Each structure stands twice: as structure tokens, then as C-alpha cells.
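Structural overview
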Amino acid sequence: MAQNEQFCTFFLEGHYFGVPVQQVQEVIRYQEMTRVPLVPQVVRGLINLRGQIVTAIDLRRRLGMSERPAGQLPMNVVVRTNEGALSLLVDEIGDVIEVEEKTFEKPPETLKGMAREMIRGVHKLPERLLLVLDTERAVNVGDPSVAAEGRSS
Amino acid sequence: MSESDIVKDFLVESYENLDRLDRDLVGLEKNPKDKEALAGVFRTIHTIKGTCGFLGFNKLEKVAHVGENLLTRLRDGQLTLNPEITTALLSMVDAVRQMLREIQATGQDGDADYPELRETLTRLQTSGADDSGRASTVVAPLSPEPQVDLQRLEKPDASSFPLKTEDLLTVTPVFAKPEDVPVPQQAPETKPRDSAPETIRVGVNLLDKLMTLVGELVLARNQLLQFANTSEDTSLQAVSKRMNLIATELQEEVMKTRMQPIGNIWAQFPRTVRDVALNCGKQVNIEMEGKETELDKTIIEAIKDPLTHLVRNSVDHGIELPEDRVKVGKDPTGRLVLRAFHEGGQVNIEISDDGAGLNGERIRQKAVERGVITAEQAARMPEREIFNLIFLPGFSTAQKITNVSGRGVGMDVVKTNVEKIGGTVDVHSTAGRGTTVRVKIPLTLAIIPALVVTCCGDRYAIPQVSLLELVRIEADHASKGIEMVQGAPVYRLRGRLLPLVYLDRELRVGAEKKAGEATQAINIVVLQADDRQFGLVVDEINDTEEIVVKPLGKQLKGVNTFAGATIMGDGKVALILDALGLAQRANVISEVHDRAGAEKERSAGEKSAGNRQTLLLFQTGEKGRMAIPLALVARLEEFARSAVENTGHQEVVQYRGQIMPLIRVSEVVELAENAQSGGSSKTVVDPQASLQVVVYAEQGRSVGLVVERILDIVEEEFVLERPAERAGILGSAVVQQRVTDLLDVQAVVQAANPRFFAKAAGA
């Protein structure tokens, strides 16, 4: 068991998030996306990653946060999942940091809603809290044919 | 070369040889005098025996050895091949294959040393002695026809199906050239070893990688072409043109490396058929047409199991026992025909047998029992629909479960597997005459030609396969060109109604535009989905392009409107539309599982094949123009209004000694006029006038359909264009240049008197 874990960090609506570095394939700046009709809104579109087609998931929408202000372009954190590469759209990219295991704690009981399911826990860093994203859960947006009906745009 | 390399080579070579052995042996059975083939079989076994002796696989060597002894006697003409010997030799091939697998997995030839098999093989040499030497040491004379004795001696039940070698199985390659028949592409073993090799073995991985790279190259070329087109530089344009040509050619050639004749997988079917037929005591000839039809390797692999299943099914369930066949006046030997041919960028594979055909009644029953459909739906469902129910999961009508089929898994898996590669399966059957299963699959999956269209600023690719034609209605004709049938937009394409589907609405993108109010030109892409056609209205039609199909991520898999995605020349991603999924989404056709809603439309689809029918045209209400097939009409009658009596709420008349219920069509089929005027047509009927009644009879019971006026009887080829949303209507068609609704008689009777069919069935 490794005592320390490395996280690739990013920001969403001011919150400080992290995913384990091993899961991250690369971080790229905003890419033009092709929207996909009839699928849940969290799927923002498809991007062309050097010939590979990658689905981009808007983490703000996924975590039930407010929409990103117009004009602010998201960044892509491309993660490896069991079903291939997937892009997570985030507001801003932070550093890669190393944290100790002992600073980890389960998510507080007061954390509500969708966010609770998708956050594995919290690292208490000296200056702020690092929310650890459960990548597998975050990318599992469910059966699109079921969720499709709610889409308005 | 290390020993493991030698073993690996030995395995690869042996597998190929064994595959050929299967074919050769079955072929030999038909023509036992074929010295050449026999020598080939002998050589193969001899090679295997020799090599495994050298590599130290003793058990394998032992089995191969007794097999070789038997083959020696056959080769030297001391024995003639008969079914029993063939069976024994085939089991030996299986045993050898099993041991090779063992070697592949563990490096050892396993624990089993097949004493029984070896015993049988030895016994079949008839010398009795475990003769370890060559044939020359065997001196026991043989009876001139040893196979007769053998059958009686060792197979007491042989008399129950006295098979002649010739009857048992015939391989008839119809199109294949003689030299193609026994030797597949990569088996140069029958040629002398020292000739320069014309083929080399290449790993499939390498080919796949090449394919991916060519895919990327095609994309880069598309990008380059776009760039060059906007450039003034003539030398750049020249280079890009050349590059274009080369890339196209390269793509074709690389695709070819992955193409294989379908004969490669068919080759094992004679053996399969033989085994299954022997197992269930049937006699089956297998015939193959179009062996040389080529398919992409990945597709070949994907359809291998489904096809095997279909073939086994045909023998096990389709073809009857010889005695039953004779009873109905058929040749005791059943016929199984495999056909493959190219058609419109697709490959069609048909598996037909001349057996008993599917039992529609039993499938119907089964479907109702399983709750797949209701009894009512079952009664109204056309035969062909019923047959296709066998593709639903958990459906088997086999009365007894055999080890071959009938366990309720299979047909649904066949369908799933075929659909996975973008194919379709369809079954046709005639009672007593046989069953044909038709599998349609794309040639290749990787690179396809597609039409690129724009809708609300997004580009979509439509595979050329489903594309029929493009229609453009200029702006000044646009409002007139599109008509509405019951709220559904249609376009008259050469006299036929083409249902229109608006892409932006189906995808729920962009602002709502009202149909028929378009001020711009309308672009219609006419698509084929299954056996239906529909027009897809898009904003713009761009160009056709070769696209590389890329799969969608798991998050998007559930949306069957999209077949995948591709990268366009400018590097952006475009979605590939799936004509079938789109049609289902727009309810042009419905999903198989959505039985309740689909059924009406599907029975409508039945008729859309453009059949010629005699129709009775009549008027309902004030304006309703409707038709029913004359075949459903028993008589036309006229009744005085005074003759109408009532039982409960039901209007009835006395008719031929029976009480015949009357159904007012205009009341059952809600017509638009009625809805507007708020009243039923009764109010406009003159009480003095007589009633026009169309008598519909089923199983001795009649029901009268009251119509306003009989108009005409016409024989016309019509196509049901628009599946209707209204109850009691099958759809609309152009009859005598006028839009006419086709009445769903059964539904109308059912609606008015739900017990009519139940009683009829009970009576």
C-alpha cells in the first residue's frame, strides 16, 4: 500500500477536485465539440482526440452545479475508463499534488444529492479541502434512452 | 528456432490441415474412389503423426497412428470408405483437434488417450490384430464389399436408417472452380513443398493495424483535399490529387487483404450437416451457391456462429425424417441450400431447406403462452410477423429438446449477433415447402461511403447503403409539395406517398418549424429502412464521402438513432445516422418488441411490398373514402332500415337464418369530419334509405359493416404508405389517384364486438 497518492486537480464552481493521476490520460484545452442529440444533457458532445472519438461529460452538470458562465471555455481532463477514454469538462486545471493517506476522510454526512454519490471522500489539506471524484460513477451517466426525454435544447 | 516456436508452427499447420480433413473426408464419402483426396488425407495424418512423434506427444501419436493404419488400407484399396469409417475418422480428427488444444493450453497432449476410438479404428481395419506395421504386413483377405458386413456386424441399428453412401451427403459446389474446391487460400500443402510459396502468413493484428492506419490516412487525405481545393497553388493541387488516387487504391487493397470468401466458413458445414443429420436420423444434401462471395474478415468471424446455428436448426427442425418426407411425397433426402450473393453493397446469405416449414399456429400459441403478444394481437398478426417472433429471446417451438437445438437460446442470439454488425435477419416459410432464413450484412464495417447532410448547423453522415435518392423541392413549390395525411406530412414521389421525417424534430434540435410552411427549398433524402421507405428532410445536402466508422462510447450506445461517429475532413466529429433507428424513432416502422403499437403498422408494411390486390372502395360518413381487400368481403347486401333490430345495444339483422350484428364503420373509425361536427354520421342518414352492408364472414359467423355507399371495385397495385395513428385503419394508399384509407376489418370487428373472434375460435 502506497502511503501517498497523487492527484490531478481541477476546479468546478470554486470547489477543488481531484482524480488519481493514474486514471488521467492527458489534459487538453478546450476542443470544439459535436453535440449529440437525444442523450442526457451531461453529455456535452464528442471531441476528436487524434483520430479517436471521445465523449465529453460536463462535470458541472453531472454534479448538479450551476451552468458555466457564458464565454468561459471548459478544459478537458481525459480519463481512462473501462470503456475507453472519456473527457471530463472542468472549469480550470490545478497542479498535480501528492497527498498523504491519513488526511483522507469520508464525505461529510451533510453533503447532499448527486455530489455525495460521486465523491469518494475528502483530503484535508492545510489550506483547503480536496474532493476526490469517483471517476467510474461520474462517467456512468446511465441509459441514455431513458434519460433522453428530459432534454430541452 | 526454439522448441516452443516449432510447437506453435505445428499447431497452426495442424489446425489448418484438420479443417481440410473434415471437408475432404465428407467429400470422400460421396466419392470414395477419389484417390487424390484420399492420398491427401493420408498425408496429413501421416505428417501429424510424424511431427508429434518427433515432439514427444505420444498419446497424440498413438491416435494418429491407428488412424493412419486405417487410411493406409483405404488408400491401397483394401477397404472402401463407408459412413461408419468416415464417422470413425471424423471422430479421430476431433480427438486430434482436442489434443492439439490441450497442447496449446498446457504444452502437453492431455491425459485422455482415447482407447475406445483407437479400438474402433483398429477394428475397422477388420484384421483384428493391433497391427503396428504398414498395410503390407496385413495379409487377411477382404470380402469384396466389406462395408455391408461391417454395418450389420457393428451397428445393429443400421437397418433402421439404411443409408447409402451417396444418399447421405452431397457437396455440390455450384460456382466454385474445380481448383478452388478442396484447398482454401492458405493451405498450400497439396502442392509440392519445394515450390516457391505464393502466400505468406501474416498476423491478423498486423492487418488490423494496417486497416486502422489506412483509416487515418483516408481522413488525412480528406483534410488535405479540402485544403487543396481552397488553395491557389497548382502544384499542391496536383500532389493532392495524386495522393488521393494512391490513398484510394491503397485503401482498396488493404481492405482486400481482409476479405475472405464465405466458403471458408461454409467449408465446415458439410460436416456439421452430416453429423446433425446422422444424429437425428435424417438424410440431407447440402448445396452451396456463391462460395466465392467475399466478406471482411471481422464480419466473417461474426457471422460464423449465427450461420452454424441456422444450419443446424434447419437440419434439426426444418427437414423432416425420411419416412415423413416420403409420406408427403417428397424425396426422402432433404435439401439444404446455402446461397450468398452481393446486392447493393450488402451481402445476402440465404439458408433454405425444403422441410416442413414453420408452424405458424404453434408459434402463435407459444407467443401467447409466453405473454409476448396477446391472443388478440396473435389472431390479427400476419404469418410473416408470426414467423419473425422466433427471433425473440426464449422462444423455441421444438417439441423436444435435442442436444442440437430447441433449448430456447439461439435464434435471438443469432439476431443479436447479426444486428451487432449492422445486418438484418428475416425468415420466410411456407407450410410443407420449407423455410428460408435470409441474413443481410454489410460488406465491411470499417470504411463506408456516406452522404453528408446538415441539420441545424450540425453535420450528419448517412450510410450510402440505406440511401435511395435525393429529392429537392424548390421554394415556390415547397408549400404545395408536402401534403398532410392525418397530421403526418407526406410527399408524392412518382405517385406514391412517401412519409416525411424531419431530422431536426426527430433529434429535437433547433427551433420548431411548422411543416408545410417552409419558405425555402426542401431537401429530402429518401431512405430505405427494412422494407419501408421514408423521406428525411434536412437543411442541406452536402456531399458523399468515404467515412471511417468509429464506435460511440458506452454513454451513447443506447441511442439507436446513431450508428457511430466519424471524423470529417476538417477534423470535426460528425454523427452517423442509422436509417433503421431513425425510422423506428419516427414510428415509420416500429421495433419488434413494441408489439402492441407496431402490429398495425407492420401488417401495413406487409402490403407495402407493392402487391396487386382487388379492393372494394366505399364511402363512410360524408367524405371518408376507404377500401378493404375484396378477399375479405363475403357479400354485399342491402337492407331496409326497418329490417334492423336491436339486441341490447347491438344493431342486428336477420341474415340467412342467422342473427348478424351490424357495425357502423363511420362510428368505429373516428373520422375527422365527425370529430369536427361533434355528431355521428347517423344524423345525416336518411331514415328511409336502405343500408349498404359489406358482409364479412369468418368461420361460419358473419358480421355486417354498414357503409355510406359502395363506390367501386378496383384491381390496383397499391402501396400502403402511411401507417395510421387511428384505430381501425391500416394506413393510407393512393388508389385511383386519390388518397384512400385502408380499413382494418379485423380491428373494427374486434372493437365493436370483442368476443367475435374468441367465439369464432371456440366454435
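Note that the coordinates shown come from a computational prediction; the quantities given were computed from them, not determined experimentally.

This brings us to the overall build of chain A. Scanning chain A from N- to C-terminus turns up four helices and 11 strands. For chain A, buried positions account for 36% of its 153 residues. Across chain A, every contact between residues at least 6 apart in sequence was considered, and the portion connecting residues at least 24 apart equals 57%.

Let's shift gears to helix α3 (residues 58–75) of chain B. All names here are of chain B. Over its 18 residues, α3 extends 25 Å from the first C-alpha to the last, a length consistent with the 26 Å expected when each residue adds 1.5 Å. Where burial is concerned, most of α3 is hidden: 14 out of the 18 residues are buried. Just past α3, the residue G77 takes up positive phi, approximately 80 degrees.

Backbone-to-backbone hydrogen bonds pair the strands of a sheet. The strands run either parallel or antiparallel. All names here are of chain A. Spatial ordering of the open sheet is given by β8-β1-β2-β11-β10-β9, a layout of six strands whose pairing is mixed. Only two strands of the sheet have a single partner each, and these edge strands are β8 (92–100) and β9 (104–105). For strand β1 (residues 4–12) and β8, the ladder comprises seven bridges, and the chain directions are antiparallel. Opposite Q6, over in β8, you have E98 as the bridge partner.

Another point: the packing of helix α11 (residues 269–279) of chain B against helix α12 (residues 297–318) of chain B. When two helices pack together, their arrangement is given by the angle between their axes and by how far apart the axes lie. Residues and elements named next belong to chain B. Axis separation between α11 and α12 bottoms out at 9 Å; the angle between their running directions is 35 degrees. Here the hand of the crossing between α11 and α12 comes out right-handed. Residues F269, T272, V273, V276 and A277 of α11 touch α12, and the partners they reach there are T308, V311, R312, V315 and D316. Of the residues contributing to the contact of α11 with α12, the split by class is six nonpolar, two polar and two charged.

The subject of this paragraph is the environment of T293(B). All names here are of chain B. The topology assignment puts T293 in the loop between β3 (284–289) and β4 (294–296). On the basis of neighbour count, T293 is assigned to the buried category, with 21 C-beta atoms found within 10 Å. Once the C-alpha coordinates of T293 and F341 are considered, the two residues, 48 residues apart in sequence, prove to be 6.1 Å apart. Not counting residues within four places of it along the chain, the set of residues in contact with T293 comprises P261, I262, A340, F341, H342 and V347.

A word on the interface of chain B and chain A. Taken together, the contact between chain B and chain A spans 21 residues of the former and 23 residues of the latter. Looking at the side of chain B that touches chain A, the elements that each hand over two or more residues are α8 (204–230), α20 (554–557), β18 (562–567) and β19 (573–577) of chain B. In terms of residue class, the side of chain B that touches chain A is made up of 10 nonpolar, five polar and six charged.

Quick look at unusual backbone geometry now. Residues and elements named next belong to chain A. For E13, which is not a glycine, the phi torsion comes out positive at approximately 50 degrees. Locating E13 in the fold gives a position in the loop between β1 and β2 (15–20). The partly exposed category is assigned to E13, around which 13 C-beta atoms lie within 10 Å. Located in the positive-phi region is L38, a residue other than glycine, with phi close to 70 degrees.

All names here are of chain B. The topology assignment puts V537 in strand β16 (residues 532–538). Classification of V537 as buried rests on a count of 25 C-beta atoms within 10 Å. Beyond its immediate sequence surroundings of up to four residues, V537 is in contact with L500, V501, Y502, L503, I522, N523 and I524.

Turning our attention to the sheet that holds strand β4 (residues 43–49) of chain A. Residues and elements named next belong to chain A. Strand order in the open sheet formed by five strands is β3-β6-β7-β5-β4, and the pairing between neighbours is mixed. One side of each edge strand has no neighbouring strand; the edge strands of this open sheet are β3 (24–28) and β4. When the angles between neighbouring strand axes are averaged without regard to direction, this sheet yields 30 degrees.

Time to look at the packing of helix α2 (residues 35–55) of chain B against α3(B). All names here are of chain B. Two elements in contact, α2 and α3, have axes whose closest approach is 9 Å; the angle formed by their N-to-C orientations is 155 degrees. Judged by the angle between their axes, α2 and α3 are roughly antiparallel. Both α2 and α3 take part in a crossing whose hand is left-handed. Residues L38, A39, V41, F42, I45, H46, I48, K49, C52 and G53 of α2 lie in contact with α3, whose contacting residues are L60, E61, A64, H65, G67, E68, L71, T72, L74 and R75. Split into classes, the residues belonging to the contact of α2 with α3 amount to 11 nonpolar, five polar and four charged.

Any region with low pLDDT has predicted coordinates that should not be read closely. Across chain A, the average pLDDT comes to 83, with 88% of residues at or above 70. A low-confidence stretch, residues 143–153 of chain A stays under pLDDT 50, and its non-local contacts, those more than four residues away or across chains, total 18 contacts.

Residues and elements named next belong to chain B. Bridge count for strand β9 (residues 447–455) against strand β17 (residues 540–548) is eight bridges, and the pairing is antiparallel. Considered in β17, the bridge of L451 is made with T544. Note: β9 against strand β10 (residues 458–463), six bridges, orientation antiparallel. Following the sheet pairing, C455 is matched in β10 by D458. Following β9, the chain reverses through two residues before pairing antiparallel with β10; C456 in that reversal takes a positive phi of roughly 50 degrees.

The next subject is the nonpolar core. Judged by nonpolar contacts, the single largest core of 91 residues is most densely connected at I57(A), V501(B) and L577(B). Looking at this core, the element that brings in the most residues is β9(B), giving six residues. Excluding anything up to four places from it in sequence, I57(A) contacts V42(A), V43(A), R44(A), R62(A), L86(A), S87(A), L88(A), L89(A), V139(A) and V141(A). Among the nonpolar cores identified, the runner-up in size contains 45 residues, and L336(B), V347(B), L389(B) and V425(B) belong to it.

Rules and cut-offs
- Residues numbered from 1 in each chain as written.
- Chains lettered and ligands numbered in written order.
- Predicted model: local features only at pLDDT ≥ 70, side-chain atom pairs only at ≥ 80, totals over all residues.
- Helix = DSSP H or I, 4+ residues; strand = E, 2+ residues; numbered from the N terminus.
- Buried ≥ 20, exposed ≤ 12 C-beta atoms within 10 Å, placed from the backbone.
- Contact = placed C-beta atoms within 7 Å.
- Expected span 1.5 Å × (residues − 1).
- Pairing = 2+ DSSP bridges.
- Axes fitted to C-alpha atoms, helices over the stretch in contact; angles between N-to-C directions.
- Left-handed = near helix turned anticlockwise from the far one by under 90°.
- Nonpolar A, V, L, I, M, F, W, Y, C, P; charged D, E, K, R; others polar.
- Parallel < 35°, antiparallel > 145°, perpendicular 65-115°, else oblique.
- pLDDT = per-residue confidence, 0-100.
- Core = buried A, V, L, I, M, F, W, Y, C linked by C-beta atoms within 7 Å.

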